[in-house]
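Survey of secondary and tertiary structure
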Amino acid sequence: MSADPTPCTVGAPRPRIEGRLKVTGSARYAADVLMPDLAHGWMVTATISRGRIRDIDASTALGMPGVLGVLDHRNAPRLNPEAGNYFGPDGSLQLLQDDVIPYAGRPVALVVAETPEQARAAAAALRVTYDVEPHDVDFRLEHPAARPASTAFGPEADTGDVDAELSASTIVVDERYRTPEESHSALEPHAATVWWDDGDVYAVDSNQGAFSVSEVLAALWSIDRDRVHIRSEHVGGGFGGKGACGPQVILGSMASERFGRPVRIAMTRAQVFETTASRPPTDQLVRIGADPDGRLRAIHHRPAYALSPLAEYIEWCTEQAKILYAAPAIRTQLTAVPIDILPPASMRGPGATPGSFALESAIDEVAERLDMDPLELRLRNQPTVGPVSGLPFSSRRLVFCLREGARRFGWAARDRHPRSRREGTLLIGSGMATTSFSAGVFPSTASITAETDGTFTVSIGASDIGTGARTALTAVAADSLGVGTEKIRIRIGDSDLGMAWGAGGSRGTTSWSFAIVEAARKLRENLGDPVRPVTATVDTTAMINYQPDRERQTFSAVFAEVSVDPATGEVRVRRLLGMFAVGRVINPLLARSQVIGGMIMGLSMALHEESVRDPRTGRQANGDFAGYHIAVHADVPDVEADFVPDYEPQDPSGFNGLGEIGTAGTAAAIANAVWHATGTRQRILPIRLDRVLEPAAVAGELHVA
């Protein structure tokens, strides 16, 4: 290393290191790995939502060409029933262990054959009969099984006297907001290639955290974790849907152990919909009281979300109510409702995305009833410390986001009254929303080797799920070592590289960067000896303050302009603008791509995405891309995103995460814009045509001046 380091690489807009591999098709994903003697597995899934398997007739399937065998609950290897994920034991991991059907889409058998076509044909010939039991997918806040949610993320808020403050308020918004079940819809379907060798299990898997998957798989097989080797070098998107140990790697490991050959399971899109977890639906009550000058007196947020009896989970919808606004009284009551579904999973902006839709819609309704500018209402109620915790904010640049976003968007020219702007037959409206998302770091290990040729090899079990993590971490390493990025070789996506947090919770890059920075510091201290190679390894577990004395959050302000055709109910988003405070930005090019992608997901949530379940069967009725609609390029004509200057003092490099903050808040901004255009409040997502279509249009009487 030179005494005069090269120019700082953090903050430079660099293209992705692996970009050429991806655009040329050279990047190998989990279903692309070449393996000798490879067999293929095909899942058979339950067609009922609750009951038991009466019989599985595999006689025809076993006689078909290329079929090696069929695994089901009668002959499958036994797994550890105590194995679990982040929230403890998880019954959804216990595949082919008994005859119980707890949800529609539960894998009930795996056909293994020489080719995927042979496995698929034999799976279609399998005959499964069931004893059907009554199922319950009737999700609602008032469900008789509703219970307080787990407080593993922290206690619920209960400050001040909410009822007294509401009684003393001049206006009270008391409304209900609903969001549907949603699918992650990553471009790459889940897939895994799995094999055993001398008691060790190996897998190339599509996941968001190779180390955590290795931990779960080791627990399932009751073997040491260092005997499980998971690689996930290239992953085609995840959004939370690949954060857990998926059925593809569990079933693949069972089949490979049984048949003594490498086994690949590559799901179809329909299988992804029915066998992998979704964002749960929510049903949220919000009460907000305010004085005539817009000062908030009380916030009461009572959301419910669906979960499965098989596993604990938290959809943390109440966090923003504790962070965004000052009020003398704040109460949150997060409620879990167990129904007969696959356990849900975090989806981009978990909790914050559905939670902010309810809270920011209600805040907009407060402004409406006070005849006040929604921007001014938000500015008037900014807290100086955490409204519930009382802790100072580590960094809070939300006001800057609001003011700069409003300036760029042209908010000052907006007439705040609804139906005030028209273009021909179209109604034009604009809306806004703010949100926050908790930030921080989790433990990770990193190793850096100073090689004999003057380069450095950085090894960390990070995951790049399309975010550009390789590129960002290369810049962090180069910056920390004082060399150019051409001197850095980075190894990621392998559980053998050591413990590391996965790509999730907006904590992946910050956690990995923290470990790399500390490893670089240790290496520099040991480079007095000219003999190379020399390696420095750091585990950040003991370095992390798990109870910081400051609120660490990221913030955003999102502005939206929409057009609404009252004759058809069609909503079109014309413009989206987002301003973000996310700490020091490692790579503006990749970061902007991240938050723009997040805003597009928020648009998709607002207008399109909705998993529909048939109440008679409990099954998803639109489990494919023909029926489950997501935003496409034509839905996103103009998106602008930028970052305000920010620095996170609790991080050695000033970083914070930004994976979730782009999505959270966008749906509320669009819904508020639809109200401004039409004068009708949309409290249920998605904002479908039939929900917007005006009564006069239905009667054929609509005439717009």
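This text gives an overview of the structure that appears in the document. (Residues numbered from 1 in each chain as written. Predicted model: local features only at pLDDT ≥ 70, side-chain atom pairs only at ≥ 80, totals over all residues. Heavy atoms only, no water.)

Thoughts on the sheet that holds strand β15 (residues 263–266)
The line we're drawing: When DSSP finds two or more bridges between two strands, those strands count as paired. The helix count covers DSSP runs of H or I at least four residues long, the strand count covers runs of E at least two residues long, and both are numbered beginning at the N terminus. Simply put, an axis is a line fit to the C-alpha atoms, just over the touching stretch for a helix, and the angle between two N-to-C directions goes from 0 to 180 degrees. Every residue pair with non-hydrogen atoms within 4.5 Å of one another is taken to be in contact.
In space, the seven strands of this open sheet follow the order β3-β7-β1-β15-β12-β13-β14, with mixed pairing throughout. Each end of this open sheet is capped by a strand with a single partner; those strands are β3 (67–72) and β14 (228–231). Between one strand and the next, the sheet's axes are offset by a mean angle of 20°, whatever the strand orientation. By the bridge criterion, four bridges tie strand β13 (residues 200–205) to β14 in an arrangement that is parallel. When the bridges of β14 are listed, Y202 appears paired with H229. Each of β1 (39–45), β3 and β7 (107–113) touches helix α3 (residues 116–125); the most contacted strand, β1, lies at about 25° to it. Across the sheet, helix α6 (residues 247–259) touches β1, β3, β7, β12 (191–197), β13 and β15, and the angle it forms with β12 is around 35°.

Details of the environment of A478
Structurally, the position occupied by A478 is in helix α11 (residues 469–481). For the pair A478 and I687, spaced 209 residues apart in sequence, the C-alpha separation works out to 46 Å. Aside from chain neighbours lying at most four places away, what touches A478 is T9, V483, G484, T485 and I488.

Section: α11
Since the α-helix turns once every 3.6 residues, residues separated by three or four places project in the same direction. In plain terms, the rule: Helix span is expected to be 1.5 Å times the residue number reduced by one. The buried label applies to any residue whose accessible area, calculated with a 1.4 Å probe on protein chains only, is under 20% of its type's maximum; exposed applies above 50%, and partly exposed to all values in between.
The end-to-end C-alpha distance of α11, which contains 13 residues, comes to 18 Å, matching closely the 18 Å that a straight helix rising 1.5 Å per residue would cover. Where burial is concerned, most of α11 is hidden: twelve out of the 13 residues are buried. Among the residues of α11, those classed as buried are A469, R470, T471, A472, L473, T474, A475, V476, A477, A478, S480 and L481. Buried-residue contacts for α11 involve β22 (445–450), β23 (456–460), β24 (488–491), α12 (508–525) and α13 (588–607). Looking one or two residues beyond α11, the residue adopting positive phi is G482, at roughly 70°.

Side note on the pairing of β15
Pairing between β1 and β15: two bridges, direction parallel. Paired with A39 across the strands is V263, a residue of β15. With four bridges connecting them, β12 and β15 associate as antiparallel partners. Looking across to β15, one finds that T193 is bridged to R264.

A word on the packing of aromatic side chains
For clarity, the cut-off: Pairs were defined over the aromatic rings of Phe, Tyr and Trp, the Trp ring being its six-membered one, requiring ring centres within 6.5 Å. Orientation was assigned from the angle between planes: stacked under 30 degrees, edge-to-face over 60, tilted for the rest.
Taken as a whole, this structure holds 16 aromatic pairs when the rule is applied. Here Y305 and Y313 contribute two aromatic rings whose centre-to-centre distance is 6.2 Å and whose plane-to-plane angle is 85°, an arrangement assigned as edge-to-face. Taking the centre distance of 4.4 Å and the plane angle of 50° together, the rings of F442 and W501 count as tilted. With F442 in the loop between β21 (426–438) and β22 and W501 in the loop between β24 and α12, this residue pair connects regions lying 59 residues apart in the sequence.

Quick word on the pattern of salt bridges
The test is simple: Any Lys or Arg side-chain nitrogen located within 4 Å of an Asp or Glu carboxyl oxygen qualifies as a salt bridge.
The tally for this structure, following the rule as stated, stands at 56 salt bridges. A salt bridge links R378 to E360; the shortest N-O distance between them is 2.8 Å. One end of the pair, R378, is in helix α9 (residues 374–380); the other, E360, is in helix α8 (residues 352–370), with 18 residues separating them in the sequence. The exposure class of E360 is buried, given its relative accessible area of 0%.

A few points about the sheet that holds strand β8 (residues 127–132)
The strands that make up a sheet pair up through hydrogen bonds in the backbone, lying either parallel or antiparallel. With antiparallel pairing, the three strands of this open sheet are ordered in space as β6-β2-β8. The sheet terminates laterally at β6 (100–101) and β8, the two strands that pair on one side only. Of the pairings in the sheet, the one linking strand β2 (residues 51–57) to β6 comprises two bridges and is antiparallel in character. By the bridge assignment for β6, G51 is matched with I101.

Quick notes on the packing of helix α5 (residues 210–221) against α6
For any two helices packed against each other, the geometry comes down to the angle between their axes and how far apart the axes lie. Put simply, the test is: In these notes the angle categories are as follows: under 35 degrees is roughly parallel, over 145 is roughly antiparallel, 65 to 115 is roughly perpendicular, and the rest is oblique. Here a crossing is called left-handed whenever its near helix is offset anticlockwise from the far helix by less than a right angle, and right-handed whenever the offset is clockwise. Charged residues are taken to be Asp, Glu, Lys and Arg, nonpolar residues to be Ala, Val, Leu, Ile, Met, Phe, Trp, Tyr, Cys and Pro, and polar residues to be all remaining types, Gly included.
Packing of α5 against α6 brings their axes to within 11 Å, and their N-to-C directions diverge by 45°. Viewed along their axes, α5 and α6 adopt a mutual orientation that is oblique. Viewed along their axes, α5 and α6 form a crossing whose handedness is right-handed. Of the residues in α6, those touching α5 at V213, L217, L220 and W221 are V249, I250, S253, M254 and E257. For the contact of α5 with α6, the class distribution of residues is seven nonpolar, one polar and one charged.

Details of the packing of α13 against helix α14 (residues 666–678)
Viewed as axis vectors pointing N to C, α13 and α14 meet at an angle of 50°, and their least axial separation amounts to 7 Å. Accordingly, the angle class assigned to the pair α13 and α14 is oblique. Considering the relative orientation of α13 and α14, their crossing is right-handed. On α14, the residues touching M599, G602, L603, M605, A606 and L607 of α13 are T666, A667 and I670. Partitioning the contact of α13 with α14 into residue classes produces seven nonpolar, two polar and no charged.

Thoughts on the environment of L693
Mapping L693 onto the fold places it in the loop between α15 (689–692) and α16 (695–698). You can call L693 partly exposed: its relative accessible area is 28%.

Considerations on α5
With twelve residues, α5 ought to run about 16 Å at 1.5 Å a step, and its terminal C-alpha atoms sit 16 Å apart, in line with that. In terms of burial, α5 is a largely internal element, ten of the twelve residues being buried. What α5 keeps buried is the set A210, F211, S212, V213, S214, V216, L217, A218, L220 and W221. In this structure, the buried side of α5 is in contact with β4 (84–85), β12, β13, β14 and α6. Looking at the residues trailing α5, positive phi occurs at S222, about 55°.

Considering the nonpolar core
What counts here: Residues enter a nonpolar core if they are buried and are Ala, Val, Leu, Ile, Met, Phe, Trp, Tyr or Cys, with the set joined through side-chain atoms within 4.5 Å.
Formed by 81 residues in total, the largest nonpolar core has its most connected members in L296, V366, V562 and I670. It is α8 that provides the largest number of residues to this core, a total of nine residues. Excluding its chain neighbours within four sequence positions, the residues that come into contact with V366 are I171, V173, I288, A290, L296 and L377. V458, A469, A475 and V517 belong to the second-largest nonpolar core, a separate cluster that totals 36 residues.

Section: the side chain of R261
So the rule is basically this: Here a polar contact is taken to be a pair of N or O atoms separated by no more than 3.5 Å, where protein atoms must pair a possible hydrogen donor with a possible acceptor and residues adjacent in sequence count only if both atoms sit in side chains.
Relative to the helices and strands, R261 is located in the loop between α6 and β15. Under the relative-accessibility criterion, R261 is labelled buried at 12%. Looking at R261, its side chain comes within polar contact range of the main-chain oxygen of D37, at 3.1 Å. Once you skip the residues sitting within four places of it in the chain, R261 turns out to touch D37, L38, A39, L68, E114, V194 and S256.

Side note on the pairing of β22
Among the six residues of β22, six are classified as buried, and the element is accordingly described as predominantly covered. Residues T445, S447 and T449 line one face of β22 and the alternating positions A446, I448 and A450 line the opposite face, and both faces are buried. As paired elements, β22 and β23 share five bridges and run antiparallel to each other. Bridged to A446 within β23 is I460. Connecting β22 to the antiparallel partner β23 that follows it, the hairpin turn spans five residues, and G454 within it adopts a positive phi of roughly 90°.

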